[in-house]
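# An overview of the molecular structure
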Amino acid sequence: MMTPAPVVDFAVKEWDILFGVVLLVVLVAGPILNILSLCYFITEYRNSFNKASLKDQGSKKRLFYGLFIITSITDLCICVVMLPAVYSFLNDREEGMFGSEIICYSWGLFWTVLPYMSIFLVAVMSFHRTFTLIRPLHNFNPNILFCVVFTYFVYLVLWGVLPVILAEAKYRFYDDQMMCIENSVSVNWYWKFKVITNQIQLVLPFFPITLSCLISFYALRRKTSTRARMQMMQREATKTILIITIIYWACNVPLVANYIYYTMMIVQHEHYNTMYRTILLYWYSWPISFIGCVGCNSLLNPLVYFFRMTPFRKFVKGQTKRFLCSRRIKELVLTTTPPSNGTRELDTVTTARPSPTITQSNHVALTS
């Protein structure tokens, strides 16, 4: 059977530049915002061990901030790993950094772990906040969730490393998808199982996340007592998680839809160029859904923290003022120092021979 050709042989250069600029914004702003959020959550996590706080309250805070620390680390890695993709988009889809076998393999491994880890963390946080809202007096053991998160992380790492070790697949750069993805040696049981498993990992979290959001919306509509300050704080935290979940929906629905479309291609035994024949589908469906949307999600999360969490907003403003003041002090020091060595030596000479001063005893002697 003859392989059908795509509708166009080359991507639209203007679209590549526009998409590359968007990814460049994520690459520059994302790490800065996520580093600030990571520093804040680590500080609050340490403060939760304060002996003055209640034991149950401190345990809940550690679980809350611990999940946000893991999420911030994941978002930070996603933004940083975008560097090779940004370079290729701004240079006519050349391999660039992807040309190195080590970088291609590392990028493929990271991108096998990070997006799925981000989706899993949103599902865990949605479940935890809904459980806390429904049963605010119940103390949830944080070690259970941390063990579940760590187990899933180890599973993703093994899922990305073992196929290469067993020589079932290797990572290869594709200019139409702008990614280093696994290229199976042959269409065997592993390749089919991999596609089905990826589909499950993307679609399955949507159901508990959606159910948690519906329960949270219903619980937030109930009236609470004015003296229940802690319950009001829990409700505000739940609203923040709901906003993060809605952003997750908006950024991951294109990815899930693309994977479903790709699975339909496999089930129908169609060729890739047959299903992805338009310019948008062939050249931009995977970069937009699997790189752009995931990166925008990692960029928007710290912005949600900034506008929804007053302590985090004060922390960012304080760090910004401290940075600006330190720069101002350095500028004042540089402007007050002598500009050249000659004037500096002259100053030392003049300071070595100070002008004589008339003391009170000398004044009496002179007048007498």
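Residues numbered from 1 in each chain as written. Predicted model: local features only at pLDDT ≥ 70, side-chain atom pairs only at ≥ 80, totals over all residues. Heavy atoms only, no water.

## Some thoughts on the overall build of the protein
On a plain count of helices and strands, the protein comes out with 13 helices and two strands. Each of the 368 residues in the protein was classed as buried or not, and the buried ones make up 42%. For the protein, contacts bridging at least 24 residues in sequence account for 77% of all contacts bridging at least 6. Per element, the accessible surface of the protein, about 21,500 Å² overall, is 68% carbon and sulfur. (Helix = DSSP H or I, 4+ residues; strand = E, 2+ residues; numbered from the N terminus. Buried < 20%, exposed > 50% of the residue type's maximum accessible area, 1.4 Å probe, protein only. Contact = heavy atoms within 4.5 Å. Areas by Shrake-Rupley, 256 points an atom, 1.4 Å probe, with all protein chains shown as cover.)

## Observations concerning the packing of helix 1 (residues 13–47) against helix 10 (residues 279–308)
Taken N-terminus to C-terminus, the directions of helix 1 and helix 10 make an angle of 25 degrees; their axes are 8 Å apart at the nearest point. On the basis of the axis angle, helix 1 is roughly parallel to helix 10. The element helix 1 and its partner helix 10 pack so that their crossing is left-handed. (Axes fitted to C-alpha atoms, helices over the stretch in contact; angles between N-to-C directions. Parallel < 35°, antiparallel > 145°, perpendicular 65-115°, else oblique. Left-handed = near helix turned anticlockwise from the far one by under 90°.)

## A closer look at helix 1
The α-helix advances 3.6 residues per turn, and as a result positions three or four apart in sequence lie on the same side. With 35 residues, helix 1 extends 51 Å from end C-alpha to end C-alpha; this agrees with the ideal 51 Å at 1.5 Å per step. Along helix 1, the sharpest change in direction is near 30 degrees and occurs at Ala29; proline Pro31 comes one to four residues later. (Expected span 1.5 Å × (residues − 1). Bend = angle between axes of the 7 residues up to and from the residue.)

## Looking at the state of the cysteines
Counting across every chain of the model gives one disulfide. The disulfide partner of Cys104 is Cys180, and the S-S distance across this bridge is 2.1 Å. Residues Cys104 and Cys180 share a disulfide whose torsion about the S-S bond is about -115 degrees; that sign makes it left-handed. Of this pair, Cys104 sits in helix 4 (residues 101–134) while Cys180 sits in strand 2 (residues 179–184), and the two are 76 residues apart along the sequence. On the basis of relative accessibility, which here comes to 5%, the residue Cys104 falls in the buried class. According to the relative accessible area criterion, Cys180 is buried, its value standing at 2%. (Disulfide = S-S within 2.5 Å.)

## Notes on the packing of aromatic side chains
Evaluation of the coordinates by the stated rule reveals 26 aromatic pairs. Look at Tyr282 and Trp283: their rings are 5.0 Å apart centre to centre, the planes differ by 75 degrees, and that puts the pair in the edge-to-face class. Assessed through its relative accessible area of 5%, Trp283 is described here as buried. The structure contains a cluster of three or more aromatic residues connected by ring pairs, namely Tyr40, Phe41, Phe64, Tyr65, Phe68, Tyr305, Phe312 and Phe315. When the ring centre of Tyr284 is taken as origin, the NZ or CZ atom of Arg93, which lies over that ring, is 5.2 Å away. (Phe/Tyr/Trp six-rings, centres within 6.5 Å; stacked < 30°, edge-to-face > 60°. Lys NZ or Arg CZ within 6 Å of the ring centre and 35° of its normal.)

## Overview of empty space enclosed by the protein
In total, this model carries two cavities of 30 Å³ or more according to the counting rule given. As a volume, the largest cavity reaches approximately 60 Å³. Taken together, Ile78, Pro115, Ser118, Ile119, Tyr248, Cys251, Asn252, Cys293, Val294, Asn297 and Ser298 form the lining of the largest cavity. Those elements that place two or more of their residues in the lining of the largest cavity are helix 4, helix 8 (229–267) and helix 10. When its residues are assigned to classes, the lining of the largest cavity shows seven nonpolar, four polar and no charged. (1 Å grid on protein atoms, 1.4 Å probe; cavity = no way out; pocket = protein on both sides within 12 Å on 5 of 7 lines; lining within 4 Å. Points joined across faces, edges and corners; volume = space filled by probe spheres on them. Nonpolar A, V, L, I, M, F, W, Y, C, P; charged D, E, K, R; others polar.)

## With respect to unusual backbone geometry
You will see that Asp92, though not glycine, has its phi angle at about 55 degrees, which is positive. Along the chain, Asp92 turns up in the loop between helix 3 (83–89) and helix 4.

## Here we look at the confidence of the model for the protein
When pLDDT is low, close inspection of the predicted coordinates is not appropriate. Per-residue confidence for the protein gives a mean pLDDT of 75, with 74% of residues at or over 70. Across the protein, the element-wise mean pLDDT spans from 41 in helix 13 (residues 360–367) up to 90 in helix 1. In this model, residues 342–368 is a region of pLDDT below 50 whose contacts with residues beyond four sequence positions or in other chains number five contacts. (pLDDT = per-residue confidence, 0-100.)

## Side note on the environment of Phe315
Structurally, Phe315 is set in helix 11 (residues 310–336). In this view, Phe315 contacts Leu36, Cys39 and Tyr40; residues no more than four positions away in its chain are not counted.

## Points about the side chain of Arg93
Assignment of secondary structure puts Arg93 in the loop between helix 3 and helix 4. Residue class for Arg93 comes out buried when judged on its relative accessible area of 9%. In terms of polar contacts, Arg93 uses its side chain to reach the side chain of Asp16, at 3.0 Å. Each residue touching Arg93, except ones within four places of it in the same chain, is listed here: Ala11, Asp16, Ser88, Phe173, Asp175, Asp176, Met178, Trp283 and Tyr284. (Polar contact = N/O pair within 3.5 Å; in protein donor to acceptor, adjacent residues only side chain to side chain.)

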